[in-house]
Amino acid sequence: EINQILSPKVLVSSKYVAHVSALGKEFSGIFVIRELDKDVYRLMLITHTGVTILSLEVTPDKFTVLYCIEQLNNKYFLDLVNNDISTVLYLRIKYKSALMMKDVKNNSDILKLDNNEIQYYCFFDDRERISRIDEVSGSDLKKKILFTLENDGSAKSIEIAHNDYPLNLILERIVDE
């Protein structure tokens, strides 16, 4: 198995407005990402009124839930969050084989990473930066991650949409004045 690093980090230490749809609940708030050390991050999802919904510490090899509200505290949900955050934060995907393809219609590159049961299609923009990741099992699209990037390659917004589980997340970076 190989860990593919797709491009420089797109998710940077910052604050994001978060719109979340999870397990039949809809809410929005502030998603805070703070780099504590090299590749060690503290992530918090806080409502606009200051109530902590989720607090995590993440490294490339470890995902620690520091706090999670009871309504969202189930193993499958937290495993999905771990997978999503790790993919977006470190842009690493485990795979067994890779194939680079060309999308002639859009004149862009697509990297297919195959991990037997799951295939990842990584789309790159005209500046060779990651713009989308599709996670496919068989012929079913399981998850789509869309990136809108700033000129420096950092994420202006990220949308994670699950097709087979009630979890969708939109992050929009708050630019400090």
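Each chain has its residues counted from 1, following the order in which its sequence is written. Two thresholds apply to this predicted model, a pLDDT of at least 70 for residue-level local features and 80 or more for giving and counting side-chain atom pairs, whereas whole-chain, interface and lining totals are computed over all residues. Calculation of side-chain values draws on the structure's entire complement of heavy atoms; hydrogens and water are dropped beforehand.

**Digging into the packing of aromatic side chains**
In summary, the pairing rule links any two rings of Phe, Tyr or Trp, Trp by its six-membered ring, whose centres are within 6.5 Å, and it sorts them by plane angle into stacked for under 30 degrees, edge-to-face for over 60 and tilted for everything else. Under the criterion given, the structure shown has 1 aromatic pair. Working rule: Lys NZ or Arg CZ, within 6 Å of ring centre, within 35 degrees of ring normal, means a charge sits over the ring. The positively charged end of Arg132 is found above the aromatic ring belonging to Phe123, 3.8 Å away from the centroid.

**Some thoughts on the environment of Lys25**
Within the secondary structure, Lys25 is located in strand S3 (residues 25-37). Per-residue accessibility, obtained with a 1.4 Å probe over protein chains only, is compared with the maximum for each type, and a residue is labelled buried under 20%, exposed over 50%, and partly exposed between these values. Residue classification places Lys25 among the partly exposed positions, given a relative accessible area of 40%. Any pair of residues with heavy atoms lying within 4.5 Å of one another is described as a contacting pair. The contact partners of Lys25, leaving out residues within four places of it in the chain, are Val20 and Gln71. Helix and strand definitions follow DSSP, with helices as H or I runs of at least four residues and strands as E runs of at least two, each counted in order from the N terminus.

**Describing empty space enclosed by the protein**
Two kinds of site are reported from a 1 Å grid over the protein atoms alone, namely cavities, where a 1.4 Å probe fits but cannot get out, and pockets, open sets with protein on both sides within 12 Å along at least five of seven lines, and residues are called lining when an atom falls within 4 Å of a point. Grid points are joined across faces, edges and corners, and a volume is the space filled by probe spheres set on the points. A full pass over the atoms with the stated rule returns 1 cavity of 30 Å³ or more. In this structure, the largest cavity spans a volume of roughly 170 Å³. The wall of the largest cavity is formed by 15 residues, among which Leu54, Phe77, Val81, Leu167 and Leu169 lie closest to the centre. Those elements that place two or more of their residues in the lining of the largest cavity are strand S2 (14-22), S3, strand S5 (52-58), helix H1 (75-90) and strand S14 (167-173). Top element by residues in the lining of the largest cavity is H1. It accounts for 4 residues. Each residue gets one of three labels, nonpolar for Ala, Val, Leu, Ile, Met, Phe, Trp, Tyr, Cys and Pro, charged for Asp, Glu, Lys and Arg, and polar for the others, Gly among them. The class makeup of the residues in the lining of the largest cavity is 14 nonpolar, no polar and 1 charged.

Without other data, these values stay purely geometric and don't point to any function.
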